[in-house]
Amino acid sequence: MRLGGSNRCVFTGDTDRSLCQSARGAYRVRDKERKRDRGKVSGRDSERERGRERERGRGRERRTDTVGERPGVCERNCKGETPKLRIGQYHQRDVMEPIGDVLHLLVILSLLEKGNAKVGDFKAAGATAPGDIIIGGLFAIHEGVEESVNLSAPHASQCARFNMDGFTQALAMIHAVESANRSPVLTTLGISLGYRIHDSCSDVTTALRASADFTQEPTTDCGGGANTSNSSPPIMAVIGASSSEISISVARQLNLELIPQISYASTAIILSDKKRFPTFLRTVPSDLYQTRAMVQLLSDSKWTWVGVVTTDGDYGRSALDSFFSQATASGICVAFKEILPNSLTRPDGESAVRQVAATLRRNPNVKVVVSFAKPTQMMYLYQELRGLGSGLGERVWVASDSWSSSKEVLGKMDLPDIGHVVGFTFKTGNLAHFHHYLMNLSDSNDVIGNNSFLKEFYSLPNGSGDPKVVSSSTAAAEILLNNSYANVVFNVEMAVSAIAHAVANICSKKDCKTPGNVQPWQVLEALRRSQFELEGKSYMFDQKGDINMGYDVTLWRSVRGVINIHDVVAEYHPINNSFSYTSGNTQNITNLRDVVSVCSASCEPGKFKKTVEGQHTCCYECINCTENHYSNNTDMDQCLSCDTKREWSLEGSSGCTHKTLEFFSWQDGFAVVLLVLSALGIVLVLLVGALFLHHHQTPVVKAAGGPLSQIILLSLVGSFVSAVFFVGHPSSLQCKVRQVLFGLSFTLCVSCILVKSLKILLAFQLNPDLKDILRLLYQPYAIMCLCVALQVLTCTLWLVLQSPREKATVFATTVLAECDEGSNVAFGVMLGYIAVLALVCFACAFKGRKLPQKYNEARFITFSMLLYLMSWVMFVPVYVTTSGKYLPAVEMVVILISNYGVLSCHFFPKCYVILFKKEHNTKSAFMKNVFEYSRKGITDSSSVSETSVSQTEGKCISNSYSISSPSFFMSTTPIEPTAPQNCWSVGQDIQSIDPATHCTIIDHGVFVTGQLTRPHRLRRSMSL
């Protein structure tokens, strides 16, 4: 505490407020005595007092106490000294105050100091530099604090173990500030940056004591005026800290004054929450992206069974949670999670290291370990593992940014002793200027006067205990260069550059040299919005206050005992979550993929993973896929189903096989044979038709039916063609055409044969009672049209109501393409109708089977119809019981048999006569055959003839015959042997039987022999 003029007191130490309040009480006593002795205040003093009131109104915004009529504030400067009462620092306007008053106050304050409790000391800033805008720095110059057993009173812990890394980071900030002051960004505005750097000693409590200096405001005297002559300038921004745990604690304190904080190494995910940490910024990406990059690396390398070692605290636990959640989402299992305490010097530290080493030894399948630990923790862990004799060389260590650039973790071990190290580091910059700065660093008094850290560095002892071994600039530069990391230095330079550009944006609009014109929250706003450049690249903080440039992936290598930890093999791009490998180093990182770190062997295609409940999803059993299921990738969780309509698969298949589409194809050998037979049948029909047309006037052609034979041949062509539609991939149109075409064609064929059969029946049936009826019924073309019309009606109803269509029948490994007849009833009716016509033909022809040979077609009709009926009777059970692609062939065979039966029985014999027996194809030959048939008939009917002769009474004098037929002759001239004209006559129809002459008038080859007194039925008949 110091005394100011006009009854003002200002505290300069970190002590309780009772001392200041006591001093104010002393002021009050002194004022009462002065008023009693001097009386009223002069007019000039009154005017001066009013001026003080106005000055107090423009003083500090923050006042904490009011005593009497003079409000005052107790301030701290965080110097770390025991508050001492100092006298003699008077306000300039109060120099003439009576010395007696001062002595009076001195006695009171001395008594108060003796009764005040002692508080812990805190060291002043270790490195300072003046400037218009002051930046605070918080670096871990020491690795920790000494433990104290005396906790009776608050005190500052003593820092221990000089940390070379933290010291070089502080030097990087000093160098960056000096570079910014020389840059045009600030020189054009005539302003400069200063700094106050504190040592956090890698301890949260110590860091909080240091941050008290950052949050202090300009000291204000008890009268309310700002005392700027001796107070420290306010801090506009703070750079630090490296530890996430320290940054989180300091950020909460800096939030009170909205002082921006820029960290160069704190990566905890929680710090991206701007609701809780609105003033926190950082020049590094969040651990969210680092863990995402690690998971992507593990996935690319197919490492699914990993362990995690992390440090205790906000950084380690935050990284562990993020990694675990992302790894689980990517199918990566964490075999174990081990947490090491922050301080390994404690008794529980060694046991924790031994526990982690034992866990690693119990999990030999875990070949990949992800570590978020500190360098010191990893060093102790490696030493413990080496002592246990564990096979470290087989493992891959995925190092986080906390130790990926610290080869000190190896200690006295070589890289092959621990295995492979894949590190994730921040992006780096050009260190040439910083290295030049370190080379020119001096230990002169004017340099170390304001940098106690540098003075301590130059006084460090060597291993033998000799002090000042680094007093020479060359030795110092070499040590500092070995402990300077390009990524951290670059991040510190980015933080300073961001502040410099933000200050420049503010100072271009206002006067920054006047104290109080620039406030920390203004700098914070400028930092969020401004874009700054460094080494020719532009950078800007995102909405979360981060600068995310991705990561460099390094692979440690050992060449002749020299370990290189800065070999960048890949770059991680957070935008698309991918890696790009640097040229020449792709092979190095891909070689690590030969390392297998899985709980269970991969399930090959054709199998799926079956996980036991309660175990890790990465520990499973491989089970074969069932039939009609498959797995086409490794480690599939379940088998995929085949499309059973088109595909199939065996058990344990890696893919589906398309089912074979089966049908009676054109390439099938059996189909080729049947098609050849169909084509041959068509050719034979056409040849027979041409032959019959050429010989249409011959007796043989006329005996075959004349025009009816051409109709039969035409119908056989249609039937042969219908057989072709049974071959090939069936379509709906094809299914309809083949049955209807065959049904109509063969119905027409059988109808013509029926007409011929009826003619035979009429020639044989001479019963006078039926002659008129038979004459009326025998209309050949009408009968044919009627028979065909009924079949047309059947087919039409079939097509309209339920027509045949294409159908695919699915089997286990095949798909049968066939025709569904639609209505089996209609199909049966069509075939049954043809069968009925064939039966009628068969019955009619059977009765006329004994007529003269050259005129007798009955036996051929009988045989052809019998062949047709037998084939179709056999077809029905075969068709019903058979399935498969050869089912159409069954019907095709029956059709061909029917066609060839008709063709062979009806036309081939006549073609033989026409071509090879031409002498039999004459009128005389036919009449001779009839004459011989007649003579045989007389012998067979002798009994009938004798009876007739006795009853004729000589009216008929001879047994001679006379035959005439318009089918054979154009005239009615009788042929020998002749008979009397009064006995025989020929007409065109069956007209009458003359009782006088007892002669029958016959047409078309129907004749009667002998003299008859009454009608008799003939025993022989023929069809001409």
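Summarised in this report is the structure supplied together with it. Computed from a prediction, not measured in an experiment: that's the story for all the values here. (Residues numbered from 1 in each chain as written. Predicted model: local features only at pLDDT ≥ 70, side-chain atom pairs only at ≥ 80, totals over all residues. Heavy atoms only, no water.)

Notes on helix H11 (residues 375-388)
Under the convention used in this document: Working definition: helices are DSSP H or I runs of at least four residues, strands are E runs of at least two. Numbering for both runs from the N terminus. To estimate how far a helix should extend, the number of its residues minus one is multiplied by 1.5 Å. Note on classification: 1.4 Å probe, protein chains only; a residue is buried when its accessible area is under 20% of the maximum for its type, exposed when over 50%, partly exposed between these limits. As used here, the arc is the angular range of directions from the helix axis to the C-beta atoms. By the convention used here, residues are in contact when the closest approach between their heavy atoms is within 4.5 Å.
Over its 14 residues, H11 extends 20 Å from the first C-alpha to the last, a length consistent with the 20 Å expected when each residue adds 1.5 Å. What H11 keeps buried is the set Gln377, Met378, Leu381, Tyr382 and Leu385. Relative to the axis of H11, the buried residues are bounded by an arc of 130° and lie together on one face. On its buried face, H11 is in contact with strand S13 (305-311), strand S14 (333-340), helix H10 (347-362), strand S15 (368-372), strand S16 (396-399) and helix H12 (415-418).

Considering unusual backbone geometry
It is generally the case that most residues other than glycine have a negative phi and that most peptide bonds are trans. The linkage connecting Gly240 with the following residue, Ala241, adopts the cis geometry, with an omega of -5°. Tracing the backbone through its elements, the reader meets Ala241 in the loop between strand S10 (235-239) and helix H7 (244-254). The phi dihedral of Cys201 falls on the positive side, at around 55°, and the residue is not glycine. Among the secondary structure elements, Cys201 is positioned in the loop between strand S9 (193-199) and helix H6 (204-215).

Some thoughts on the state of the cysteines
Spelled out, the test is: Cysteine sulfur atoms that come within 2.5 Å of each other are treated as a disulfide pair.
A full pass over the atoms with the stated rule returns 8 disulfides. The disulfide partner of Cys507 is Cys512, and the S-S distance across this bridge is 1.9 Å. Its S-S torsion of about -115° marks the bond between Cys507 and Cys512 as left-handed, since a negative value means left-handed. Take Cys507: its relative accessible area is 10%, and that puts it in the buried class. The disulfide that involves Cys625 links it to Cys639, with 1.8 Å between the sulfurs. Here Cys625 and Cys639 share a disulfide; its torsion about the S-S bond, -80°, makes the bridge left-handed. Highlighted residues: Cys625 in the loop between strand S26 (620-624) and strand S27 (629-630) and Cys639 in the loop between S27 and strand S28 (640-641), separated in sequence by 14 residues. Here the two residues Cys625 and Cys639 agree in accessibility, since each one is buried. Distance from the sulfur of Cys749, which forms no disulfide, to the nearest cysteine sulfur (Cys752) is 7.0 Å.

So, the sheet that holds strand S5 (residues 127-129)
Inclusion rule: Should DSSP find at least two bridges between two strands, the strands are regarded as paired. The axes are straight lines fitted to the C-alpha atoms, using for helices just the contacting stretch, and the angles between their N-to-C directions are given from 0 to 180°.
Taken together, 6 strands build an open sheet; the order of strands is S5-S9-S6-S10-S11-S12 and the sheet is mixed. Two strands close off the open sheet at either side, each with one partner strand: S5 and strand S12 (280-282). Each strand axis lies, on average, 25° off the axis of its neighbour in the sheet, ignoring direction. Its contacts with the sheet put H6 on strand S6 (133-139), S9 and S10, and the angle it makes with S9 is roughly 155°.

Quick look at the pairing of strand S24 (residues 578-581)
Bridge analysis of strand S23 (residues 568-573) against S24 gives 4 bridges, and the strand direction is antiparallel. What sits directly across from Ala570, in S24, is Tyr581. Hairpin remark: S23 followed by S24, antiparallel, with 4 residues in the connecting loop; positive phi at Asn577, about 55°.

Side note on the packing of aromatic side chains
What counts is decided by this rule: Working definition: rings of Phe, Tyr and Trp (its six-membered ring) pair if their centres are within 6.5 Å, and the pair is stacked with planes under 30 degrees apart, edge-to-face with planes over 60 apart, and tilted otherwise. Both a distance and an angle decide whether a charge sits over a ring: NZ of Lys or CZ of Arg must be within 6 Å of the ring centre and within 35 degrees of the ring normal.
Evaluated as defined, the whole model comprises 31 aromatic pairs. On the numbers, 4.9 Å between centres and 20° between planes, the contact of Phe746 with Tyr868 is stacked. Within this pair, whereas Phe746 is found in helix H23 (residues 732-764), its partner Tyr868 is found in helix H27 (residues 858-881), the two being separated by 122 residues in sequence. Members of the aromatic cluster, joined through ring pairs, are Phe742, Phe746, Trp798, Phe827, Tyr868, Trp872, Phe875 and Tyr879. A cation over a ring is seen here: Lys337 above Phe324, with NZ or CZ 4.3 Å from the ring centre.

Here we look at helix H22 (residues 707-724)
Taking 1.5 Å of rise per residue, 18 residues should cover 26 Å, and H22 covers 27 Å from first to last C-alpha, within 8% of that figure. Listed as buried for H22 are Leu708, Ser709, Ile712, Leu713, Ser715, Leu716, Val717, Gly718, Ser719, Phe720, Ser722 and Ala723.

Some details on the packing of H27 against helix H28 (residues 887-906)
The description of two helices packed together rests on the angle between their axes and the distance between the axes. Quick note on the threshold: The labels follow the angle: roughly parallel below 35 degrees, roughly antiparallel above 145, roughly perpendicular from 65 to 115, and oblique for the rest. In the scheme used here, Gly and all other residues not listed as nonpolar or charged are polar, with Ala, Val, Leu, Ile, Met, Phe, Trp, Tyr, Cys and Pro taken as nonpolar and Asp, Glu, Lys and Arg as charged.
Put simply, H27 and H28 touch, their axes get as near as 8 Å, and they point 175° apart. Between H27 and H28, the interaxial angle falls into the category roughly antiparallel. Residue-level inspection shows Phe860, Ile861, Phe863, Ser864, Met865, Leu867, Tyr868, Ser871, Trp872, Phe875, Val878 and Tyr879 of H27 in contact with H28, the latter providing Leu887, Val890, Glu891, Val894, Ile895, Ile897, Ser898, Gly901, Val902, Cys905 and His906. When its residues are assigned to classes, the contact of H27 with H28 shows 17 nonpolar, 5 polar and 1 charged.

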